[in-house]
Amino acid sequence: MGSQGGFYQSKEFLDLVKSIGEARSKAEEDRIVLNEIETLKRRISEPDIPKRKMKEYIIRLVYVEMLGHDASFGYIHAVKMTHDDSLLVKRTGYLAVTLFLNEDHDLIILIVNTIQKDLKSDNYLVVCAALNAVCKLINEETIPAVLPQVVELLGHPKEAVRKKAIMALHRFYQKSPSSVSHLVSNFRKRLCDNDPGVMGATLCPLFDLITIDVNSFKDLVVSFVSILKQVAERRLPKAYDYHQMPAPFIQIKLLKILALLGSGDKQASENMYTVVGDLFRKCDSSSNIGNAILYECICCVSSIYPNAKLLESAADVISRFLKSDSHNLKYMGIDALGRLIKISPDIAEQHQLAVIDCLEDPDDTLKRKTFELLYKMTKSTNVEVIVDRMIDYMISINDNHYKTEIASRCVELAEQFAPSNQWFIQTMNKVFEHAGDLVNIKVAHNLMRLIAEGFGEDDDSADSQLRSSAVESYLRILGEPKLPSVFLQVICWVLGEYGTADGKFSASYITGKLCDVAEAYSNDETVKAYAVTALMKIYAFEIAARRKVDLLPECHSLMEELLASHSTDLQQRAYELQAVIGLDAHAVECIMPSDASCEDIEVDKGLSFLNGYVEESIEKGAQPYIPESERSGMLNISNFRNQDHHEASSHGLRFEAYELPKPTVQSRIPPALLASTELVPVPEPMYLRESYQTPSVPSVSSDAGSSELKLRLDGVQKKWGKPTYSPATSTSNSTAQKTVNGVTQVDGASSTNSRTRETYDSRKSQVEISPEKQKLAASLFGGSSKTEKRPATGHKISKASTQMVKSHVPKSSMEVALEKTAPVQPAPDLLDLGEPTGTSVAPLVDPFKQLEGLLDTTQVGSAAAAKSPDIMAMYADTPAGIHDKDDGDLLSGLSKPPVTNMPGGTTTTQQEQRSKGPNPKDSLEKDALVRQMGVNPSSQNPNLFRDLLG
């Protein structure tokens with residue numbers, strides 16, 4: 001081959017091919033190819049590469065892609081090669097592009113202009129290369145860009161160009177039939193082309209067109225017969241011969257077309273008889289291509305109008321096929337025999353022995369084809385043998401797909417040609433028993449319908465005998481250990497419908513069997529549902545016959561089990577069974593008539609029984625019903641704005657904006673507290689009403705001009721816990737304002753409980769509180785009556801309440817008004833964590849240090865007790881009688897807030913009595929007791945927790 005190698009390729013490329021061929025493993029092959037890819041990436045990016053080298057690199061890329069690796073980095077270079085003026089380089093580029101790209105690739109747009117230019121080239125080799133690319137790469141969107149030039153090429157002087165133009169138009173028809181629908185006449189014209197290759201290429205699009213519309217091409221029957229006759233008489237050049245057969249592929253395509261045109265048309269078929277008979281005589285059966293033509297002749301004879309002589313010739317050919325030693329020819333003979341059976345059933349009887357031999361052949365493909373033939377040959381005289389052989393074959397195979405097909409065919413044949421009821425039931429039992437759940441559920445339904453309807457004859461005794469045989473066989477089969485679910489459904493249905501129909505078996509015996517089935521297959525809800533329904537039918541028939549019904553113990557236990565089942569279907573069936581048993585005979589006979597499973601149910605789709613009611617309502621002023629198709633155009637924007645609750649029933653467009661995203665709700669309990677094993681009672685203060693200021697949420701203005709976000713919690717049930725500083729009430733022109741712990745509350749119509757929860761969660765997420773302080777706060781809230789108030793400096797602070805709450809809340813305008821107008825110094829606001837004011841009092845003793853000394857009261861100095869404000873006494877501003885020794889009824893105290901002077905001219909009174917709270921030491925002891933018991937107030941009964949606190 002020389003130093004340059006064969007076909008002018010370098011020795012490096014030949015060594016690559018040789019090394020890949022000698023690779024001993026896939027891993028070694030991949031390593032070689034990956035090295036080649038790296039080499040090509042490096043070399044193909046070099047500047048000024050010679051065309052000869054670039055052509056070789058592209059061919060090597062094609063080789064890499066053929067081996068399953070990605071060479072997309074070189075696609076653009078293949079596209080560039082299609083623009084080259086050199087014929088060899090251009091054809092190489094078109095070849096590589098057609099192998100690299102598909103019709104939807106992004107680079108296709110880069111070669112459309114090149115294809116258009118090359119289709120107009122004077123060099124027919126360039127035109128052929130472009131047409132090859134057109135067949136592979138042009139998609140439906142780019143067809144109009146090249147269609148006019150392709151149509152012009154139908155008249156090109158070179159036959160190769162005309163042939164490829166026909167192929168391109170055929171491809172266009174396959175992709176977009178409408179784009180070439182006006183060019184059908186061009187196919188007809190090319191059928192008469194002088195070149196046999198162009199004529200043969202035209203047969204392919206014409207075959208597709210005739211398949212869709214036969215009648216439009218009936219006038220071409222004579223032309224096709226004439227062409228076939230010329231081909232059979234060897235009038236074509238020797239170049240079209242294949243294994244000494246003249247243009248065999250053109251003959252096969254013509255026979256397929258004639259089979260379509262002659263189907264059911266006697267006149268058209270008569271024109272074909274002579275040429276088809278000549279083919280039977282002239283074809284050489286010693287070669288495969290000759291046998292292929294003979295097989296196509298048999299297919300044509302089986303499709304066109306029958307002719308006795310042609311059928312006899314076809315039978316002789318089939319006989320030769322079946323007697324051959326070749327499995328391929330036997331397969332063709334079986335298939336051809338199956339086609340002729342439709343026309344002449346007697347032909348199969350001549351080849352019975354040959355068919356039996358094929359049935360016993362070890363070749364599984366041939367055996368399956370033979371079973372298809374037997375399925376077509378079945379009649380009442382041979383159904384038993386054929387079905388038995390099918391069932392034996394079904395048992396022996398492991399292919400579930402084909403086993404399902406065989407089972408459905410056995411059922412179909414048994415339904416059509418069953419010689420006796422006994423054989424039919426036995427056959428069905430074998431099919432269900434061996435095919436199992438592979439049997440289509442439709443087969444089971446068809447079997448139930450057949451048993452219910454009978455064989456369609458007037459002899460009721462035969463139908464009754466069929467049902468009795470089914471009941472007896474199914475009761476016998478129920479003793480087997482494992483049965484398919486589909487088969488059990490059929491058994492339960494038959495026993496429920498006809499188990500007691502003939503009187504051979506008692507209702508108690510049948511119901512006992514059904515209960516055993518439901519118990520044995522307790523995991524199959526479908527089988528249990530069928531069993532319960534069968535029980536209901538048997539008891540209904542017994543009640544309708546006015547016989548005494550005694551429920552078996554196992555039936556009682558089954559009903560009790562299903563009445564509490566998690567399956568709503570089983571529960572519903574159990575309730576229906578319970579209800580049917582309690583009805584009288586007449587009612588049961590009306591709702592569940594005997595042997596009425598196949599009676600048609602009349603459905604009044606128009607609901608005509610409501611016509612009188614509708615007319616009466618319309619006369620009284622009701623609006624008439626408008627169909628949905630008519631009212632869909634009556635919707636407008638106001639419907640969506642005013643009737644949001646009807647969105648599910650409307651099908652128009654929504655014009656409202658989406659809701660703003662809600663802030664993420666963080667956990668209410670710190671992670672450190674969740675990880676603790678000691679539970680601290682921190683009840684949820686649902687009665688607490690607070691507000692905070694946020695710049696991202698629109699504010700609700702009050703009469704005093706407050707810009708804070710107000711929360712509305714009136715009407716919310718107050719939870720258990722210690723009473724806090726009681727709110728005062730006032731009235732306003734637009735909203736009802738309430739002061740809770742010194743914070744103004746606006747009761748606006750737009751405030752909701754959900755917004756309260758969001759406000760509370762957002763406020764809690766701003767400040768971190770250690771678990772230790774939470775525990776201390778919980779103990780403090782348990783009943784300490786005296787503590788110190790820290791200055792409002794923004795530091796973390798604990799508040800006396802049933803749940804620790806943290807926030808930075810600035811003073812509202814209502815607080816300022818209270819400070820200016822109230823004649824008595826108001827109680828300090830524990831939630832006011834803002835900047836200190838002039839009226840704040842600095843404590844002398846830290847309340848947490850005082851808390852540490854609660855167990856030893858002598859550690860608290862008298863000066864601190866004299867000068868520190870009594871915080872818990874402030875929280876005790878509630879009606880007298882609430883704070884007694886054991887804390888009294890907290891909820892009743894919270895429901896009666898005191899009245900005080902409020903700005904705006906409203907005169908109120910305030911309860912002056914303040915009762916002293918419980919001993920702090922007692923509160924700590926109670927809290928410790930609760931924590932030892934592990935009671936979580938957020939998940940347990942609040943009343944129970946309140947009782948534990950005393």
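Sequence positions are assigned chain by chain, starting from 1 and proceeding in written order. Given that the model is predicted, a residue must reach a pLDDT of at least 70 before its local features are reported, and side-chain atom pairs must reach 80 or more before they are shown or counted; all residues, however, enter totals for whole chains, interfaces and linings. Heavy atoms from the whole structure form the basis of all side-chain values; hydrogens and water molecules are not counted.

Naming follows an unreviewed UniProt entry, where the protein appears as AP-4 complex subunit epsilon of Herrania umbratica. Per UniProt, the protein carries the Sequence similarities (unreviewed entry) text "Belongs to the adaptor complexes large subunit family." In the Subcellular location (unreviewed entry) part of its UniProt record, the protein is described as follows: "Endomembrane system". UniProt positions are given in the numbering used here, feature names are shortened, and annotations may be inferred rather than shown by experiment.

Observations concerning the overall build of the protein
Helix and strand counts for the protein come out as 45 helices and five strands. The cut-offs for exposure are 20% and 50% of the maximum accessible area for each residue type, with area from a 1.4 Å probe on protein chains only; residues under the lower value are buried, those over the upper are exposed, and the others partly exposed. In the protein, which comprises 950 residues, the share counted as buried stands at 45%. We call two residues in contact whenever any of their non-hydrogen atoms come within 4.5 Å of each other. Of the contacts formed within the protein by residues at least 6 apart in sequence, a portion of 68% connects residues at least 24 apart. Note on areas: Shrake-Rupley, 1.4 Å probe, and residue coverage restricted to the protein chains presented here. For the protein, the accessible surface area stands at approximately 50600 Å², while carbon and sulfur atoms represent 51% of it. Secondary structure elements are defined from DSSP: runs of H or I of at least 4 residues count as helices, runs of E of at least 2 residues count as strands, and each element is numbered from the N terminus.

Examining unusual backbone geometry
Located in the positive-phi region is Q244, a residue other than glycine, with phi close to 65°. Among the secondary structure elements, Q244 is positioned in the loop between strand 1 (241-242) and strand 2 (245-246). The class of Q244 is exposed, set by a relative accessible area of 66%. Phi at R546 takes a positive value of approximately 60°, unusual for a residue other than glycine. Inspection of the secondary structure puts R546 in the loop between helix 29 (525-544) and helix 30 (553-563).

A look at the packing of aromatic side chains
Geometry of aromatic contacts follows a simple scheme: Phe, Tyr and Trp rings, the Trp one being its six-membered ring, pair when their centres are within 6.5 Å, and the pair is stacked under 30 degrees between planes, edge-to-face over 60, tilted otherwise. A complete count under the given rule lists nine aromatic pairs for this structure. A ring pair is formed by F13 and Y63, whose centres lie 6.3 Å apart and whose planes are at 85°; its orientation type is edge-to-face. Here F13 is found in helix 1 (residues 11-21), whereas its partner Y63 is found in helix 3 (residues 51-66), with 50 residues between them in sequence. With relative accessibility at 18%, the residue Y63 sits in the buried group. Residues F432 and F487 carry aromatic rings whose centres are separated by 5.4 Å and whose planes lie at 5° to one another, so their mutual orientation is stacked. Here F432 is found in helix 24 (residues 421-435), whereas its partner F487 is found in helix 27 (residues 485-498), with 55 residues between them in sequence. Exposure remark for F487: the relative accessible area of 0% places this residue in the buried category. The ring of Y124 has K158 lying over it, and the distance from NZ or CZ to the ring centre is 4.9 Å. Over the ring of F207 we find K253; its NZ or CZ atom is 4.8 Å from the centre of that ring. The criterion for a charge sitting over a ring is simple: Lys NZ or Arg CZ within 6 Å of the ring centre, and within 35 degrees of the ring normal.

Quick look at the confidence of the model for the protein
A score between 0 and 100, pLDDT records how confident the predictor is in each residue. Of all residues in the protein, 65% attain a pLDDT of 70 or more, and the chain-wide mean is 75. Segment residues 721-767: pLDDT under 50, and 149 contacts once partners within four positions in sequence are set aside and those in other chains are kept. Below a pLDDT of 50 lies the segment residues 935-950, which in the model reaches 25 contacts outside its immediate sequence neighbourhood of four places, other chains included.

Observations regarding helix 23 (residues 400-417)
Helix span is expected to be 1.5 Å times the residue number reduced by one. The end-to-end C-alpha distance of helix 23 is 26 Å, a good match for the 26 Å that 18 residues give at a rise of 1.5 Å each. Regarding helix 23, the residues found buried are Y402, K403, I406, A407, R409, C410, V411, L413 and A414. For helix 23, the elements touching its buried residues are helix 21 (364-377), helix 22 (383-396), helix 24 and helix 25 (441-453).

With respect to helix 28 (residues 507-520)
For helix 28, with 14 residues, the first-to-last C-alpha span of 20 Å sits near the 20 Å given by 1.5 Å per residue. Residues of helix 28 that are buried: A507, I510, T511, G512, L514, C515, V517 and A518. Of the surrounding secondary structure, the elements contacted by the buried residues of helix 28 are helix 26 (460-477), helix 27, helix 29 and helix 30.

Quick word on the packing of helix 2 (residues 26-44) against helix 3
Every angle, taken between N-to-C directions, lies between 0 and 180 degrees, and every axis is a line fitted to C-alpha atoms, over only the stretch in contact when it is a helix. At a closest axis distance of 11 Å, the pairing of helix 2 and helix 3 adopts a crossing angle of 150°. Between helix 2 and helix 3, the crossing angle belongs to the class labelled roughly antiparallel. The chirality of how helix 2 crosses helix 3 is left-handed. Contacts from V33, E36, I37, L40, R43 and I44 of helix 2 reach helix 3 at M54, Y57, I58, R60, L61 and V64. In these notes the angle categories are as follows: under 35 degrees is roughly parallel, over 145 is roughly antiparallel, 65 to 115 is roughly perpendicular, and the rest is oblique. In this scheme the handedness of a crossing depends on how the near helix is turned from the far one: anticlockwise by less than a right angle means left-handed, clockwise means right-handed.

Regarding the nonpolar core
Here the nonpolar core consists of buried residues drawn from Ala, Val, Leu, Ile, Met, Phe, Trp, Tyr and Cys, with membership extended through side-chain atoms lying within 4.5 Å. Judged by nonpolar contacts, the single largest core of 208 residues is most densely connected at I115, F172, F224, V276, F280 and Y474. Broken down by element, this core gets its largest block of residues, 12 residues, from helix 29. Note: domain ranges come from an automatic or database domain assignment. Both domain 1 (213-305) and domain 2 (440-595) contribute no fewer than three residues apiece to this core. Setting aside anything within four residues of it in sequence, one finds V276 in contact with L255, C297, C300, V301 and L310.

Description of the packing of helix 25 against helix 26
Between helix 25 and helix 26, the least distance of the axes is 8 Å, while the angle of their chain directions is 130°. With respect to each other, helix 25 and helix 26 are oriented oblique. Side by side, helix 25 and helix 26 meet where L447, L450, I451, A452 and E453 of the first sit next to D463, L466, R467, A470 and Y474 of the second. Each residue gets one of three labels, nonpolar for Ala, Val, Leu, Ile, Met, Phe, Trp, Tyr, Cys and Pro, charged for Asp, Glu, Lys and Arg, and polar for the others, Gly among them. Classifying every residue of the contact of helix 25 with helix 26 gives seven nonpolar, no polar and three charged.

A look at the side chain of D195
Looking at the secondary structure, you find D195 in the loop between helix 10 (184-190) and helix 11 (196-212). Under this rule, positive means Lys or Arg and negative means Asp or Glu; His and the chain ends count for nothing. Salt bridge criterion: a side-chain nitrogen from Lys or Arg within 4 Å of a carboxyl oxygen from Asp or Glu. Despite being buried, D195 has no salt bridge partner; R162 is the closest side chain of opposite charge, sitting 5.5 Å away. Counted as a polar contact is a pair of N or O atoms within 3.5 Å, where, for protein atoms, one must be capable of donating a hydrogen and the other of accepting one, and residues adjacent in sequence contribute only when both atoms are in side chains. Within polar-contact distance, the side chain of D195 engages the backbone nitrogen of G197 at 2.9 Å. Residues within four places of D195 in sequence aside, it is in contact with E159, R162 and Y240.

Comments concerning the environment of I166
Tracing the backbone through its elements, the reader meets I166 in helix 9 (residues 159-175). With relative accessibility at 0%, the residue I166 sits in the buried group. Residues I166 and V151 lie 15 residues apart in sequence; the distance between their C-alpha atoms is 8.6 Å.

Points about the environment of E519
The residue E519 is located in helix 28 in this model. Along the chain, E519 and E554 lie 35 residues apart, while their C-alpha atoms are 9.2 Å from each other.

Here we look at the side chain of S473
Inspection of the secondary structure assignment puts S473 in helix 26. Residues contacting S473, with those up to four places away along its chain left out, are I425 and N429.

What about the pattern of salt bridges?
Scanning the model with the defined rule gives 29 salt bridges in all. R368 is paired through a salt bridge with D399; the nearest N and O atoms lie 3.4 Å apart. With R368 in helix 21 and D399 in the loop between helix 22 and helix 23, this residue pair connects regions lying 31 residues apart in the sequence. The exposure class assigned to R368 is partly exposed, which follows from its relative accessible area of 23%. Notably, a salt bridge pairs E561 with K528, separated by 3.5 Å at the nearest N-O pair. A residue pair is termed long-range when its members are at least 10 positions apart, and E561 in helix 30 and K528 in helix 29 qualify at 33 residues. Judged by its relative accessible area of 45%, E561 falls in the partly exposed class. K528 sits in the buried class, given a relative accessible area of 7%. Residues joined by salt bridges that share partners form a network here, namely E12, E36, R43, E56 and R60.

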